[in-house]
Amino acid sequence: MDAQLAQYLMNWLVLGSIYTLVALGFSLLFGVLDVIHFSHGDVSIVAPFVVLATVQALISTVLPADSIAALVLACAVAIVAVGLVGVLLDWLVIRRFRNAPAMMALVATVALGTVVRELIRTFYPQGSNPKPFPRLIESSVTFGDLPVPLFSLFVIGVSVLMVAVLFMVMGHTRLGVRIRAVAEDRNIARLMAIRPDRIFAVTFFIASAVGAIGGIFFASYAGVVRFDFGVQLGLIGFSAAVIGGLGSMQGAILGSLLIAGIDTLVQATMADGASYRLVFSFLLVILVLVLKPSGILGKPIMVKV
Amino acid sequence: MTRNNLTRRGVIGAFGVAAAVALAPSQILAQDKPKIKLGFIGPVSGGNAMQGLGAQNGFLLAIEQANAGDYPYQIEGVALDDASDPQTGVGAALKLVNDPEVVAAIGHWNSPVALATMPVFNRFQMPLIVWGAISPKITEQNLPEVTRVTPTLLTENKPLAEWAADVLGAKNVAIVSDTSDYGAGNAGAFETFFTEKGGAIASTDLLPVGTTDFRAALTKIKGSGADAIYFGGVITEAGILRKQQMEIGLDIPMIGISGFYDPEFIALAGDAAEGTMVSYPAAQSNPRLDQMHADYTARGFAEPESPYTKYAYDATGILLAVIKDVGIDDKVALAAAIRAISYDGVLGTTTFDETGQTQVPVEIEIKVVKDGQWVTKGM
Amino acid sequence: MMHQPPVIPASSGRGPVADLSIVAAVELGGAVVLGVFLLADDPRIIVALLGLMGAGFALLQFRPAIEERIVAAFRAARRAAMILGAAVVLVYPFLMQGSSYALHLLIIAQLYSVLALALNFQLGSANIPNFATGASYGIGAYTSALLAINFGVSFWLTLPAAALVATFFGFALGFPSMRTRETYLALVTIAFAIVIHQLLNNFSWTGGPNGLVGVPAPVLFGHSFADPIELFGRRLPSQANFYYLSAALVALAIISARRLHDSRIGLAWNALRGDELAARCQGINVVWYKILAFAVDAFLAAFAGSVYASYVSYISPDNFTFLVSVTIMTMVIVGGMDNTLGVILGAFLLTMLPEKLRIFADYRLLFVSVIVILFLILRPQGLFPQRPRSYGGRE
């Protein structure tokens, strides 16, 4: 029973970590740009495809098969590439909705998500089919008599590290100060010789790159990736960011852990829980927002008189 | 128009209208034969595209082979997308029945889409052979125009459940599936037959479509002392489930019906696939099927075969055979002839019962993954 | 309905004759373009027509005077425009060469027009995002179908019953809207839509993933809607019944839209859209009007759902996914928020487009999405933007 409990806890933490990486992007983009980038999940899931393609290209040319270096290199390539994809999508589409009503950007990015998915499906070789995705780390360690995959610890560790780095960057660097300045008021930031357009591009890069790590972990944790996996990942990441409070990084973490928690809890304890896992996750979303209308850690909506 | 025969090229053609016209000459050679059209509907975009595209290629392959031979008509295949959406499917069906040149059609992987379009085909008396949707409700209605070449959930789950109880010796099976019509139907059918044989069901976990993490369900199963897992879904989820099952150290057999009998499953699950067992209709081990596999590869389609390619291929073959005998004018007679047919194809000898359901023998054989290959296991 | 670059030059003079000819040219021209588009099967014609429509919209974009002139003509010749429009709608099925495919597209387009108009009460009038219109549509369809199948209730009774049930859910969904706003409210409605879809899929009394088979067709004065219409020696396919039914529903939606727009409620919604706080200061009961918007949306959407269920005679959860709500939302935004004609146009465009883009086979979805994005970028205000309220403009 203890082993089972530990297993559930591990599942919860790993899922929560992966969702956090995606939710952080939503939160960051909303905080800085006031934009809902609904295709963020789909962009994140581009990363595992880049990894697969790069690994293939590497081992067929320079590196020997099943070399760890190929995988590590490919992940780095994918993170950077997907960061650039985010910047590109912003430049092509999303920036045109900066001053439009929030719902327009939301609808446009839903369509953009479909475009990203269908592009993967069309242009990745046999993109309709699911692709096996390797475990980043295969071995496991044993605590007592409980085997814990190193990969799970790795996911949790990297997520914690990413969160720490993001907090560092936002709180203690010049870049972070600039980002926060633009988030606060882009016009006044401009007066302070900060170019909002550059900050927007940097924000998109960071958000998409962090999302890419989430996407790679997601694929690696599932063991498989398919072009449409980004839909649910995006929806859950978005929900996590919103119930945590958009614009709050702590909120994104909290929201992710909550949603992953209810998902695991419902499946572990209810007889028919698995079929209702989405029902409970989204009822939780409704409940949280009824009680805390701007998310758990979101700034309350000010009614100025 | 050849746009539907050559999907990808057709698209490029449609970009520039001139290119679309340039594709026409292939038809000019055979102008002396009367021209007819056959319809295909399936999900060729969206999440189920792999099933739809494989079947669409089976349909096109059968038509191309007939056109290359001395078939009395020149056939054009009209392939339409239903995107797994009932409303889009109805649109596609109406498009087919409104085209006076379309004689008959094959269609659908999703049961909800099939159930939505059947009234349309019924109203317009156009024969429809279902190649993929497996809900028993489809043939329960017994519309004279509708027949089905795929086994229902009952046909394959029954012998599998009996085999699991008698040969495999499973006592306590955990059922995992998705909540789609396919998954939920399989889970229900297997549970019925397995409990009839005196087996116990340890747990039933149906997960919403799109679930990629089965660990919570698997952890519960691990604690329940189940001695086998029955999986009622399709390839992607089967691969994920098996991989994660082995990862959490739940080393019990995984069994299922032929829905994920596919090399893709082994590719997805990797080493974890070893020992997975599925039922497979024994009649399908025949030389014609091997020939179709070879032809498919030789044709060089952009997409690999799917488990449904052979069903679409035979459904098209049945339409072609009947049209050759009965002609194209009397659609009621066509539908009647389909019901009466005894067709030797890649699925074995297909005959239909009084509800239009295929009667391909239900003997199954068990396929097992061994050294990264599906091999036949002695019963 | 479909818009057509006007034949009359924009500079032509004022006067009743000019107004009448502009109205006639726009309405008949639109009907012809729509008709050709519906019946065309040749990719060349479809591509050419799409190009023509694009050119028409470009003309409107770069020469706003033309649009002004057309609007002025319609305002002046209001009655004639309505009579001619009604006549076109009535005669239209006879011109479809008996094609039930064309009629089907018209039915679906009209049902989506109703749904888009329903959402427009919220999104357009009051700027309340709602991604649950598809769920209300589904609740209406399921209520109506369950009553008809299990209890043999006549369609004409299930229609109001479905509307009542959906309105109840609309009120329920409206409650969180008391406090949440914007993106947060959008997520509440998204969550609601997903929960409803999952429940419809999981419950056994809703037929589970396989849905409900055999929803009976309505019967009116002994004439079953499943039978063809024989009129003036012409025979119309059975779809024509539902064509007229859904046309009546669109008319009802337009009239409600008009009435509500011109009432205190419409004014209150517009005030909400402008500035919620200012509206509250004016003594407008913000909470009540927000909830009312949800209820009106659900009420109309349920009508559309009932008609859909009896038309196709089969419904399943897949008909009412979250994506359906997104599509409806897109129709309103592409068409033009708070502009009745624009919203209907948006619904027609986004129903026809995916069907006609079948020529692109499995690239269909890609093209539809790209076109939607282009529309949003190039004409963010919608095909027909909302117009300022005009007082005293009517004699």
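What counts and how
Residues numbered from 1 in each chain as written. Chains lettered and ligands numbered in written order. Predicted model: local features only at pLDDT ≥ 70, side-chain atom pairs only at ≥ 80, totals over all residues. Heavy atoms only, no water. Helix = DSSP H or I, 4+ residues; strand = E, 2+ residues; numbered from the N terminus. Rg over C-alpha atoms; globule rule 2.2 N^0.38 Å. Buried < 20%, exposed > 50% of the residue type's maximum accessible area, 1.4 Å probe, protein only. Contact = heavy atoms within 4.5 Å. Areas by Shrake-Rupley, 256 points an atom, 1.4 Å probe, with all protein chains shown as cover. Pairing = 2+ DSSP bridges. Right-handed = clockwise from strand over helix to strand, strands pointing away. Buried area = accessible area lost by both parts, 1.4 Å probe. Salt bridge = Lys/Arg side-chain N within 4 Å of Asp/Glu carboxyl O. Nonpolar A, V, L, I, M, F, W, Y, C, P; charged D, E, K, R; others polar. Patch = residues over 30% accessible without salt bridge, like charges linked within 9 Å, V, L, I, M, F, W, Y side chains within 5 Å. Lys, Arg positive; Asp, Glu negative; His and termini not counted. Charge placed at Lys NZ, Arg CZ, Asp CG, Glu CD. Axes fitted to C-alpha atoms, helices over the stretch in contact; angles between N-to-C directions. Polar contact = N/O pair within 3.5 Å; in protein donor to acceptor, adjacent residues only side chain to side chain. Phe/Tyr/Trp six-rings, centres within 6.5 Å; stacked < 30°, edge-to-face > 60°. Lys NZ or Arg CZ within 6 Å of the ring centre and 35° of its normal. Domains from an automatic or database assignment. Parallel < 35°, antiparallel > 145°, perpendicular 65-115°, else oblique. Left-handed = near helix turned anticlockwise from the far one by under 90°.

(A) Up close: the overall build of chain A. A tally of helices and strands in chain A yields 11 helices and 4 strands. Rg of the C-alpha trace for chain A: 20 Å, near the compact-globule value of 19 Å for 305 residues, within the 12% margin. Across its three principal axes, chain A shows a C-alpha extent of roughly 60 × 50 × 35 Å. Put simply, chain A has 305 residues, and 60% of those count as buried. Long-range pairs, those at least 24 residues apart, make up 73% of the contacts in chain A between residues at least 6 apart in sequence. Of the accessible surface of chain A, which amounts to about 12,400 Å², a share of 69% is contributed by carbon and sulfur atoms.

(B) Structural view of the environment of A:Phe97. Note on placement: A:Phe97 falls in the loop between helix H3 (68-92) and helix H4 (102-123). For A:Phe97, the residues in contact, after removing those within four places along its chain, are A:Met104, A:Ala105, A:Ala108, C:Leu376 and C:Ile377.

(C) The pairing of strand E1 (residues 35-42) of chain B, seen in detail. Residues and elements named next belong to chain B. Taking burial as the measure, the 8 residues of E1 include 7 buried ones, the bulk of the element. Two strands pair when backbone bridges link them, and E1 and strand E2 (residues 74-81) are joined in this way by 8 bridges, in the parallel orientation. Within E2, the position partnered with Phe40 by the bridge is Ala79. The handedness of the E1 to E2 crossover, carried by helix H3 (residues 49-68), is right-handed. Judged from the 5 bridges that link them, E1 and strand E3 (residues 102-107) form a sheet pairing that is parallel. Directly across from Phe40, in E3, lies its bridge partner Ile106.

(D) Just the environment of A:Met192, in detail. Residues and elements named next belong to chain A. Along the polypeptide, Met192 turns up in the loop between helix H7 (186-191) and helix H8 (196-222). Exposure remark for Met192: the relative accessible area of 56% places this residue in the exposed category. Spatially, the C-alpha atoms of Met192 and Ala181 are 9.0 Å apart, while their sequence positions differ by 11 residues.

(E) Seen up close, the interface of chain A and chain B. With 36 residues of chain A at the interface, the matching set in chain B holds 37 residues. Both faces considered, chain A and chain B share a buried interface measuring about 2,900 Å² in area, 53% of it formed by carbon and sulfur atoms. Applying the counting rule to chain A against chain B returns 1 salt bridge. Of the charged contacts, one joins A:Arg135 and B:Glu247 as a salt bridge, the two residues approaching to 2.5 Å between their closest N and O atoms. Elements represented by at least two residues in the side of chain A that touches chain B include exactly helix H1 (2-33), H4, strand E1 (131-132), H8, helix H9 (229-244), helix H10 (249-269) and helix H11 (277-291) of chain A. Residue contributions to the side of chain A that touches chain B peak at 5 residues, all from H1(A). Its residues placed into classes, the side of chain A that touches chain B shows 17 nonpolar, 12 polar and 7 charged.

(F) Broad picture of a negative patch on the surface. There is a patch of like negative charges on the surface, built from A:Glu138, B:Asp271, B:Glu274 and B:Asp371. Relative to the assigned elements, B:Glu274 resides in the loop between helix H11 (263-269) and strand E10 (277-281). With a relative accessible area of 32%, B:Glu274 lands in the partly exposed category.

(G) Local environment of the sheet that holds strand E7 (residues 200-207) of chain B. Residue and element names in this part refer to chain B. Reading across from one edge, E7-E6-E8-E9-E10-E13-E14 is the order of the 7 strands in this open sheet, with mixed pairing throughout. A strand with exactly one partner marks an edge of an open sheet, and here the two such strands are E7 and strand E14 (373-377). This sheet shows a mean twist of 30° between the axes of neighbouring strands, independent of strand direction. Here strand E6 (residues 172-178) pairs with strand E8 (residues 228-231) via 4 bridges, running parallel. Its bridge partner lying in E8, Ala174 is registered against Ile229. Across the sheet, helix H9 (residues 215-224) is in contact with E6, E7 and E8; its angle to E7 comes to roughly 175°.

(H) Representation of the interface of chain C and chain A in the model. The interface is formed by 39 residues belonging to chain C together with 46 residues belonging to chain A. Across the chain C/chain A interface, buried area totals approximately 3,800 Å², and carbon plus sulfur atoms make up 81% of it. Interface area lost by chain C to chain A is led by C:Thr183, C:Tyr184 and C:Leu187, which between them contribute 18%. Inspection of the chain C/chain A interface yields 0 salt bridges. Our enumeration of links across chain C and chain A arrives at 2 residue pairs in polar contact (both at pLDDT 80 or more). Among the elements of the structure, helix H8 (182-202), helix H13 (322-335) and helix H15 (364-378) of chain C are those that each provide at least two residues to the side of chain C that touches chain A. The dominant element in the side of chain C that touches chain A, judged by the number of residues it contributes, is H8(C), at 14 residues.

(I) Looking closely at the packing of aromatic side chains. Applying the stated criterion across every chain, the model contains 37 aromatic pairs over all chains. Taking the centre distance of 4.9 Å and the plane angle of 40° together, the rings of B:Tyr296 and B:Phe301 count as tilted. B:Phe301 sits in the buried class, given a relative accessible area of 14%. With centroids separated by 5.1 Å and ring planes inclined at 50°, the aromatic side chains of C:Phe242 and C:Tyr311 adopt a geometry described as tilted. Linking C:Phe242 in helix H9 (residues 239-262) with C:Tyr311 in helix H12 (residues 286-312), this pair joins segments that are 69 residues apart in sequence. The burial state of C:Phe242 is the same as that of C:Tyr311; both residues are buried. Ring-pair connections join several aromatic residues into one group, and the members of that group are B:Phe40, B:Phe59, B:Trp109, B:Trp131, B:Tyr308 and B:Tyr311. Sitting over the face of the ring of A:Tyr221, B:Arg215 holds its NZ or CZ atom 3.4 Å from the ring centroid. It is B:Arg299 that lies over the ring of B:Phe301; its NZ or CZ is 4.3 Å from the centre.

(J) Broad picture of the domain arrangement of chain B. Residue and element names in this part refer to chain B. For chain B, the domain assignment lists domain 1 (7-152 + 286-351) and domain 2 (154-281 + 363-377). Each of domain 1 and domain 2 has a C-alpha centre, and the two are 31 Å apart. Listed as interface residues are 14 residues of domain 1 and, on the opposing side, 12 residues of domain 2. Ranking the residues of domain 1 by area buried against domain 2 places Ile134, Thr152 and Pro307 at the top, with a combined share of 37%.

(K) View of a nonpolar patch on the surface. Residue and element names in this part refer to chain A. A surface patch of nonpolar side chains, amounting to about 310 Å² of accessible area, comprises Leu88, Trp91 and Leu92. Of note, Leu92 is situated in helix H3. Among the residues examined, Leu92 registers a relative accessible area of 38% and is labelled partly exposed.

(L) Expanded view of the sheet that holds strand E5 (residues 146-148) of chain B. Residue and element names in this part refer to chain B. On the basis of which strands lie adjacent, the open sheet formed by 5 strands has the order E2-E1-E3-E4-E5 and parallel pairing. The sheet terminates laterally at E2 and E5, the two strands that pair on one side only. In this sheet, adjacent strand axes meet at a mean angle of 20° when their direction is disregarded.

(M) Representation of unusual backbone geometry in the model. For A:Asp34, which is not a glycine, the phi torsion comes out positive at approximately 60°. Residue position: A:Asp34 is located in the loop between H1 and helix H2 (40-61).

(N) Local environment of the packing of helix H13 (residues 309-326) of chain B against helix H14 (residues 331-340) of chain B. All names here are of chain B. Two elements in contact, H13 and H14, have axes whose closest approach is 10 Å; the angle formed by their N-to-C orientations is 125°. When the interaxial angle is binned, H13 and H14 end up oblique. Classified by chirality, the crossing of H14 by H13 is right-handed. For the pair H13 and H14, contact is made by Ile318, Leu319, Val322, Ile323 and Val326 and by Ala333, Leu334, Ala337 and Ile338, respectively.

(O) Representation of the packing of helix H4 (residues 78-91) of chain C against H9(C). All names here are of chain C. Here H4 crosses H9 at 155°, and the two axes come no closer than 11 Å. With respect to their mutual orientation, H4 and H9 come out roughly antiparallel. Contacts from Arg78, Val89 and Leu90 in H4 reach Tyr243, Tyr244, Ala247 and Arg258 in H9.

(P) Summary view of the pattern of salt bridges. All names here are of chain B. Tallying each qualifying case throughout the model produces 17 salt bridges over all chains. Across the pair Glu76 and Lys35 runs a salt bridge, and its minimum N-O distance is 3.5 Å. Residue Glu76 is located in strand E2, and its partner Lys35 is located in strand E1; the two are separated by 41 residues in the primary sequence. Here Arg299 ties to Glu64 by a salt bridge, and the two come within 2.6 Å at their closest N and O atoms.

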